[in-house]
Amino acid sequence: MSSKFGRIIAGLLTAIFLASCASYQPTSRGIASTDEEQLMELHFQALINGQAPEQEMIDYIDRLVNLLILTNKDIATFEKELDAKIAIRKKNSRAVIEEPLASKTYTKLLKKWKLKDRYTAEIAYFYLRCLEMRTDKSLSNAEHQRIKHIQQNTATYLANTQDLQRVELQELMTKLSEVFTAFVQAYKEDYAAKHGGVVPPVDDTDAASGFGQALFGSTTDLYAYIKTHNTTTYTPSTPADQKRQAEFISTIDQDLGLIEDPDRDVQSVQDLTCKDGKQICISTGEAGNIVGKVFPKGVWAFTFDDGPAKSTTNMLAALASYSDNVNPHAKATFFQLANAAPKFPDTVKAQFDAGYPLENHSFTHPDLAKSSVNRVHEINDSNVVLTKEYQKIQSDYVIQYFRCPYGSCYAPKVPAVRQMIADQKQVHVYWRIDSLDWKLLNGPKVSALVTKQMQLLDHGVILMHDIHPTTIDAVKLVLAWMKDQNNNKNAKYKMVTIPEAVDLVNGAH
Amino acid sequence: MVFKRWLALFATVFLLSCAGAPPAPLQNLDSRTDELLNTYSLEQLDVAATYLTELIVAGVNGGKKPQRVLSCDPKRGVADTWMMPLKSLIDSKISRVQELYLKMPEEKRIRQWNACEKTCSCGVYGTLLQGIDESRLKPADIALRDQLLKKQGALSEKATRTCAKQAQWFCGSPLMAYLGSPTP
């Protein structure tokens, strides 16, 4: 009886679930991120509560880091291979090779980018969770020690594998701040418990800092790293740490051969782009997409899109009057629309006279990711029109950079568009700070958003629009802040144009 | 005992069938955006942008854990990546409705737009007028444009947050799914 009943129930359940599976839809990236986090959390808990949690966690992260290193290597190889295919195709369009952007190599590259993101996210997640757990007062001292070791190991791995930069810096800062607030609270409670409820007599910040450091020493390491996060290599400060780093690197080298990766079947190809160790060059890969992450410390490229417009003249005036101890004058790069530039010949001339590079931002500002857009018109024709306009003033002027409207061809989303840009011998320029000036429409608010991020991120490309009068107010405020930092606070915020930034980055190699 | 075996079998069948379910093919970007542009009003799209901006600004101001705005707040980094595809939608919507708005009787338009604080749409109405060549605008429209942009810029933090909270429909909406998809 019970067998029959069981069969009926199970049959019913199976039918219901099969029906629900049939309508299964893949969740979108943003919504799925919560599920991914849940999975990572489950994994984290499993490791933390395992038989030998510290060792299990270290082994696991060790493996993740090794996979990450392999993935990075593969990405570099696939990019070279893809660039080689593209170069062959450019030289001889009838060559019998796979269509580059429909090739297996490209598929592998996409896969590897995805893997890289996953591995990095997982390591960063574990690190942040450890950091968080260390403020949990319900844990015993032994548990705190264990978590501390795990977190230190994660931090070292992150730093050693040069991937801490990929962890959202802002997130870390927020997390640190939360931890610090918890220190302050814990310190106050601790003090009050020991002194019959009396409030601590000394300044919270110093005392809590000491208290926090005594409990959670390695946050200072992280602060130190954040201060110097522009350097891509973590340099240990003590000989013992240096030795540990050397040992770690040699271990990784040995491990490289041990990890199996089903996609590692790539033959080496000739490096046809970014020769001589250059980091930025014409490429459909990451090297051909300027974000500013590889700029030297303190270097910022201000960029203005969508002009020229009536307000551009005022923007030029705001920039013209600027100088500080680091910057003899302001520098900026303008990404212009081909349907606007011919209407403002005097403005274009003034921009040339002031020495600002003028670059391409398409013909009519469409979303180039849409297939209905006439991409040839927007990329190639705009180039012809803008070049003609610019060459009226400087006969040998060549447009070297392109920025897609809405940043919609930030690799690898629209490979075909990126290929068209590369075919024009131009490098795509993205950004690191979005000023949101088009939305905020308020000088002080935009300025606050930009300067706060400049302090956090240290270097990169800033996106603004010279078509909004309020952006001029914002630029004035950002410049005033920068002048104060450079002249009075010993800071070194250096303004560069995009071509100068590229020279700085490539010249350094 | 038998029941347990059946349950195990059921679980296996379930897992196998789910693992093998083919992912639905992605719709073409153009048709997806068309659908969204037909679904959402300009005001709704702009409120969604206000919501994301609020998250980004709060995230950058950071320090303390940013106060939650809605139940589905994405992380700052995610909100950052959603802004541009959303701006693309707003611009497309503006170009669709620009002429319609201009054809509205002037008095009605001015009355509706002067009350823009209620719909949190001062900025987007101002931007709409900003996108039209001044030679095509009447003096009253030029004055209205400047006034709308000024109103948007003068929004207090509290008012901005109230506007951001108006985007409650955004959680779990097709717009959110679109922005969160790999190629919005």
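Residues numbered from 1 in each chain as written. Chains lettered and ligands numbered in written order. Predicted model: local features only at pLDDT ≥ 70, side-chain atom pairs only at ≥ 80, totals over all residues. Heavy atoms only, no water.

Here we take up the overall build of chain A. Broken down by element type, chain A carries 17 helices and nine strands. Residues counted as buried form 51% of the 509 residues belonging to chain A. Long-range contacts, defined here as pairs at least 24 residues apart, represent 77% of the contacts in chain A between residues at least 6 apart. (Helix = DSSP H or I, 4+ residues; strand = E, 2+ residues; numbered from the N terminus. Buried < 20%, exposed > 50% of the residue type's maximum accessible area, 1.4 Å probe, protein only. Contact = heavy atoms within 4.5 Å.)

This part takes up the overall build of chain B. In terms of regular secondary structure, chain B is built from ten helices and zero strands. In chain B, the succession of helices and strands from N to C terminus is α-α-α-α-α-α-α-α-α-α. Counting every position in chain B, which comprises 184 residues, the buried fraction comes to 46%. Partitioning the intrachain contacts of chain B with sequence separation of at least 6 by distance along the chain shows that 73% fall at a separation of at least 24. Per element, the accessible surface of chain B, about 9,200 Å² overall, is 60% carbon and sulfur. (Areas by Shrake-Rupley, 256 points an atom, 1.4 Å probe, with all protein chains shown as cover.)

In this section: the packing of aromatic side chains. Throughout the structure, instances matching the rule amount to 14 aromatic pairs over all chains. One aromatic cluster is present, formed by Tyr40, Tyr51, Trp82, Trp169 and Phe170 of chain B through successive ring pairs. Stacked on the ring of Trp438 of chain A, the Lys or Arg Lys87 of chain B has its end atom at 5.4 Å from the ring centre. When the ring centre of Trp113 of chain B is taken as reference, the NZ or CZ atom of Arg109 of chain B above it lies at 5.9 Å. (Phe/Tyr/Trp six-rings, centres within 6.5 Å; stacked < 30°, edge-to-face > 60°. Lys NZ or Arg CZ within 6 Å of the ring centre and 35° of its normal.)

With that settled, consider the state of the cysteines. Structurally, a disulfide amounts to a covalent bond that connects the sulfur atoms of two cysteines. Residues and elements named next belong to chain B. The full count for this structure, using the stated rule, is four disulfides over all chains. Paired through a disulfide, Cys72 and Cys171 show a sulfur-sulfur distance of 2.1 Å. One disulfide, between Cys72 and Cys171, carries an S-S torsion of -75 degrees and so falls in the left-handed class. Of this pair, Cys72 sits in the loop between helix H3 (42–61) and helix H4 (76–103) while Cys171 sits in the loop between helix H9 (157–165) and helix H10 (174–180), and the two are 99 residues apart along the sequence. (Disulfide = S-S within 2.5 Å.)

Residue and element names in this part refer to chain A. Where burial is concerned, most of strand E8 (residues 460–465) is hidden: six out of the six residues are buried. Where strand E2 (residues 299–307) lies against E8, six bridges are found, and the strand directions are parallel. Note that in E8 the partner of Phe304 across the bridge is Met464. Across two bridges, the pairing between strand E7 (residues 433–434) and E8 is parallel. Looking at E8, one finds that Asp434 is bridged to Leu463. (Pairing = 2+ DSSP bridges.)

Next up on the list: the confidence of the model for chain A. All names here are of chain A. Considering every residue of chain A, the mean pLDDT works out to 74; 66% of them sit at 70 or more. Counted against residues more than four places away or in other chains, residues 203–234, with its pLDDT under 50, gives 58 contacts. Counted against residues more than four places away or in other chains, residues 248–272, with its pLDDT under 50, gives 35 contacts. (pLDDT = per-residue confidence, 0-100.)

Attention now goes to the environment of Val475 of chain A. Within the secondary structure layout, Val475 of chain A lies in helix H16 (residues 469–488). Apart from residues no more than four positions distant in its own chain, Val475 of chain A is found in contact with Phe304, Met315, Leu319 and Met464 of chain A.

So, about the side chain of Gln485 of chain A. Structurally, the position occupied by Gln485 of chain A is in helix H16. Apart from the residues lying within four places of it in its own chain, the contact partners of Gln485 of chain A are Asn490, Ala491 and Tyr493 of chain A.

Residues and elements named next belong to chain A. Along the polypeptide, Gln424 turns up in the loop between helix H13 (415–423) and strand E6 (427–429). Judged by relative accessible area, which is 22%, Gln424 ranks as partly exposed. Put simply, Gln424 and Gln400 are 24 residues apart on the chain and 8.5 Å apart in space, counted from C-alpha to C-alpha. Apart from the residues within four sequence positions on either side, Gln424 is in contact with Ile379, Asn380 and Asn383.

A word on helix H12 (residues 375–391) of chain A. An α-helix turns once per 3.6 residues; consequently, residues spaced three or four apart project the same way. All names here are of chain A. Here H12 spans 23 Å end to end across 17 residues, near enough to the 24 Å set by a 1.5 Å rise per residue. Along H12, the sharpest change in direction is near 30 degrees and occurs at Asp381. Residues of H12 that are buried include every one of Arg375, Glu378, Ile379, Ser382, Asn383, Leu386, Thr387, Glu389 and Tyr390, and no others. On its buried side, H12 packs onto strand E3 (333–336), helix H11 (345–353), strand E4 (358–360), strand E5 (401–402) and H13. (Expected span 1.5 Å × (residues − 1). Bend = angle between axes of the 7 residues up to and from the residue.)

To continue, consider the pattern of salt bridges. Residue and element names in this part refer to chain B. Counted under the stated rule, the structure contains 18 salt bridges over all chains. Two residues, Arg145 and Glu134, come together in a salt bridge whose shortest N-O distance is 3.0 Å. In this pair, Arg145 sits in helix H8 (residues 139–153) while Glu134 sits in the loop between helix H7 (122–130) and H8, placing the two residues eleven residues apart along the sequence. The exposure class assigned to Arg145 is buried, which follows from its relative accessible area of 10%. By relative accessible area, which is 32% here, Glu134 ends up partly exposed. (Salt bridge = Lys/Arg side-chain N within 4 Å of Asp/Glu carboxyl O.)

Tracing the backbone through its elements, the reader meets Ser283 of chain A in the loop between helix H9 (239–256) and strand E1 (289–290). Discounting residues that sit within four places of it in the chain, Ser283 of chain A has contacts with Asp83, Gly288 and Arg418 of chain A.

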